[in-house]
Amino acid sequence: RKDQAIAAIDAADDLDSLEALRVAALGKQGWISLLLKTLGQMTPEERQSQAPAIQAARGEIADAIAARKAALENAELERRLASETLDLSLPAPEAPRGSVHPVSQVMDELAEIFADLGFSVATGPEIEDDWHNFTALNMAEAHPARAMHDTFYFPDRDAEERQMLLRTHTSPVQIRSMVAQGAPIRIIAPGRVYRSDSDATHTPMFHQIEGLVIDRDIHLGHLKWTLETFLKAFFERDDIVLRLRPSYFPFTEPSVEVDVGWQDVSANGIRRRVLGGDGDAPGHGWMELLGSGMVNRRVLEFAGLDPDEWQGFAFGVGVDRLAMLKYGMDDLRAFFDGDVRWLAHYGFSA
Ligand code: PHE
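Scoring rules and cut-offs
Residues numbered from 1 in each chain as written. Predicted model: local features only at pLDDT ≥ 70, side-chain atom pairs only at ≥ 80, totals over all residues. Heavy atoms only, no water. UniProt positions renumbered as here; feature names shortened; annotations may be inferred. Helix = DSSP H or I, 4+ residues; strand = E, 2+ residues; numbered from the N terminus. Buried < 20%, exposed > 50% of the residue type's maximum accessible area, 1.4 Å probe, protein only. Areas by Shrake-Rupley, 256 points an atom, 1.4 Å probe, with all protein chains shown as cover. Near = heavy atom within 4 Å. Polar contact = N/O pair within 3.5 Å; in protein donor to acceptor, adjacent residues only side chain to side chain. Salt bridge = Lys/Arg side-chain N within 4 Å of Asp/Glu carboxyl O. Pairing = 2+ DSSP bridges. Axes fitted to C-alpha atoms, helices over the stretch in contact; angles between N-to-C directions. Parallel < 35°, antiparallel > 145°, perpendicular 65-115°, else oblique. Left-handed = near helix turned anticlockwise from the far one by under 90°. Contact = heavy atoms within 4.5 Å. Nonpolar A, V, L, I, M, F, W, Y, C, P; charged D, E, K, R; others polar. Phe/Tyr/Trp six-rings, centres within 6.5 Å; stacked < 30°, edge-to-face > 60°.

- Under an unreviewed UniProt entry, the name given to the protein chain is Phenylalanine--tRNA ligase alpha subunit, and the organism recorded is Pelagerythrobacter rhizovicinus.
- In its Sequence similarities (unreviewed entry) section, UniProt records this for the protein chain: "Belongs to the class-II aminoacyl-tRNA synthetase family. Phe-tRNA synthetase alpha subunit type 1 subfamily."
- According to UniProt, the comment filed for the protein chain under the heading Subunit (unreviewed entry) is "Tetramer of two alpha and two beta subunits."

What follows is the structure, encoded as structure tokens:
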């Protein structure tokens with residue numbers, strides 16, 4: 001019986017059947033255990049002759065079980081080692097690294113260009129109030145231009161409180177700067193702005209950079225020179241040509257929309273549109289780039305400045321737009337997907 005049991009143990013091919021064999025022999029109701037119990041009813045002589053054999057059988061079976069268990073566990077380990085190989089001599093896979101975002105990059109470039117022209121960087125809140133975003137910019141309660149801004153309003157609280165909104169442009173920073181520091185002023189104000197608008201060329205959040213100069217005897221020539229100087233530096237081209245078109249903004253008078261000349265160039269059989277050159281030349285054209293103008297007297301008054309003493313100009317540019325033009329990106333929405341492969345494609349890998 002013992003030899004049979006040991007043969008079965010040696011043949012057990014998993015830990016569960018091994019355990020069943022252990023219970024059958026050594027368990028409370030196992031046959032070895034039952035044999036041991038019979039010793040109590042024997043005479044001392046019988047016990048002396050039987051006991052050593054039973055104890056020996058129990059020891060042999062326990063040893064066989066332990067040996068088989070170790071062998072099965074070892075085989076399992078071998079199997080896992082074979083299937084889960086890890087080659088420590090291989091180089092580790094490269095983890096994708098982030099980089100500066102084109103929008104941040106452009107804002108940094110602009111801050112540097114304007115720093116050279118004596119401008120400092122100003123900021124204002126993205127959650128703005130109606131007065132700074134509209135009223136003080138000469139857009140009264142019923143002004144039709146307000147409707148054009150697709151404003152995200154916060155829910156009305158009681159009528160006494162200021163109506164809060166997500167700023168629709170960086171122009172409220174003009175007001176905050178004038179109120180806070182008075183004149184003269186030379187600032188740019190980069191930041192996020194929000195409009196309820198979304199398609200291939202509009203995202204509900206986008207970026208603008210505002211420029212404001214307030215001083216004595218400031219005129220449109222200063223505006224034109226400043227814009228020309230900044231655009232030549234930004235696009236790294238000397239042949240940038242601007243066209244100033246009469247326009248309308250409630251906060252500037254006169255207002256001018258600024259177009260920049262482009263041309264198609266062929267290289268290696270690929271035609272590309274690049275900025276530069278006179279837009280009126282054959283094969284050239286104009287692209288609308290930004291809004292600007294002389295600060296409206298009413299705006300100076302709202303901000304507490306005397307318009308007979310101080311004049312100024314202001315401009316507002318889309319930063320995302322500038323980045324697309326400079327780096328040849330064509331889908332605005334990709335700017336805000338956070339895909340490092342897109343960044344790398346345009347040379348923004350770290
Ligand atoms: N705030 C205007 C806009 O968002 C741009 C602008 C700024 C125009 C300053 C004139 C002067 O469209």
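1. Considering the overall build of the protein chain
1) Next: Regarding its fold elements, the protein chain presents 12 helices and 10 strands.
2) Next: Along the first, second and third principal axes, the C-alpha atoms of the protein chain reach 130 × 65 × 35 Å.
3) Next: A burial count over the protein chain gives 41% of its 350 residues as buried.
4) Next: Summing over all exposed atoms, the protein chain offers an accessible surface of approximately 19800 Å²; the carbon and sulfur share of this is 53%.

2. Here's the deal with the site of the ligand
1) Next: Of all residues adjacent to the ligand, which total 14 residues, the nearest are His169, Ser171, Arg195, Gln208 and Gly316.
2) Next: Here His169 contributes a side-chain N or O atom positioned 3.0 Å from a nitrogen atom of the ligand.
3) Next: Separating an oxygen atom of the ligand from a side-chain N or O atom of Arg195 is a distance of 3.0 Å.
4) Next: Protein chains shield 90% of the accessible area of the ligand, which is 330 Å² for the free molecule.

3. Side note on the pattern of salt bridges
1) Next: Within this structure, the stated rule accounts for 22 salt bridges.
2) Next: Residues Arg22 and Glu19 are paired through a salt bridge, measuring 3.0 Å at the closest nitrogen-oxygen approach. Note that Arg22 and Glu19 are positioned in helix α2 (residues 15-26) at a spacing of 3 residues, about one turn of the helix.
3) Next: Judged by its relative accessible area of 30%, Arg22 falls in the partly exposed class.

4. Description of the pairing of strand β8 (residues 270-275)
1) Next: Of the strand pairs in this sheet, strand β7 (residues 252-267) and β8 are connected by 6 bridges, and their pairing is antiparallel. Among the inter-strand pairings, Ala267 is bridged to a residue of β8, identified as Ile270.
2) Next: Linking β7 back to β8 in an antiparallel pair, the connection comprises 2 residues, with Asn268 at a positive phi of about 55 degrees.

5. A look at the packing of helix α3 (residues 31-38) against helix α4 (residues 44-83)
1) Next: Where α3 contacts α4, the axes come no closer than 10 Å and their chain directions differ by 160 degrees. When the axis of α3 is compared with that of α4, the two are roughly antiparallel. Two packed elements cross with a definite hand, and for α3 against α4 that hand is left-handed. Contacts between α3 and α4 pair Trp31, Ile32, Leu35 and Leu36 from the former with Ile54, Gln55, Ala57, Arg58 and Ile61 from the latter.
2) Next: Class assignment of the residues belonging to the contact of α3 with α4 gives a composition of 7 nonpolar, 1 polar and 1 charged.

6. Digging into the packing of aromatic side chains
1) Next: By the definition in use, this model includes 11 aromatic pairs.
2) Next: Here the aromatic rings of Phe114 and Phe315 are separated by 5.8 Å at their centres, their planes lie at 25 degrees, and the arrangement is stacked. A residue pair is termed long-range when its members are at least 10 positions apart, and Phe114 in helix α5 (residues 102-116) and Phe315 in strand β10 (residues 311-318) qualify at 201 residues. As far as the burial class goes, Phe114 and Phe315 line up, both buried.
3) Next: Plain terms: the ring middles of Trp131 and Phe302 are 6.4 Å apart, the flat faces sit at 80 degrees to each other, and that makes the pair edge-to-face. Of this pair, Trp131 sits in helix α6 (residues 130-133) while Phe302 is found in helix α10 (residues 297-302), placing the two residues 171 residues apart along the sequence.
4) Next: Exposure remark for Phe302: the relative accessible area of 31% places this residue in the partly exposed category.

7. Remarks on the side chain of His132
1) Next: Here His132 shows up in helix α6.
2) Next: At a separation of 3.4 Å, a polar atom in the side chain of His132 contacts the side chain of Arg176.
3) Next: With sequence-adjacent residues up to four places away left out, His132 is seen in contact with Leu137, Pro172, Ile175 and Arg176.

8. A closer look at the pairing of β7
Side-chain positions along a regular strand alternate between the two faces of the sheet.
1) Next: The pairing of strand β6 (residues 242-249) with β7 spans 7 bridges and is classified as antiparallel. In the strand pairing of β7, Arg245 is matched with Glu257.
2) Next: Where β6 hands over to β7, the hairpin turn is made up of 2 residues, counted between the paired strands.
3) Next: In terms of strand pairing, β7 meets strand β9 (residues 284-295) through 10 bridges, oriented antiparallel. Note on β9: the bridge partner recorded for Val260 is Met287.

9. Some points on α3
1) Next: Buried within α3 we find Trp31, Ile32 and Ser33.
2) Next: Buried residues along α3 sit in contact with α1 (2-11), α2 and α4.

10. Details of the UniProt feature "binding site: Mg(2+)" (unreviewed entry) in the protein chain
1) Next: According to UniProt, the feature "binding site: Mg(2+)" (unreviewed entry) maps to Glu253 in the numbering used here.
2) Next: For Glu253, the position within the fold is in strand β7.

11. Section: the environment of Gln263
1) Next: Counting through the fold element by element, Gln263 comes out in strand β7.
2) Next: Judged by its relative accessible area of 15%, Gln263 is buried.
3) Next: A C-alpha to C-alpha distance of 4.4 Å links Gln263 and His284, two positions 21 residues apart in sequence.
4) Next: Polar side-chain contacts of Gln263 include one of 2.6 Å to the backbone oxygen of Gly276.

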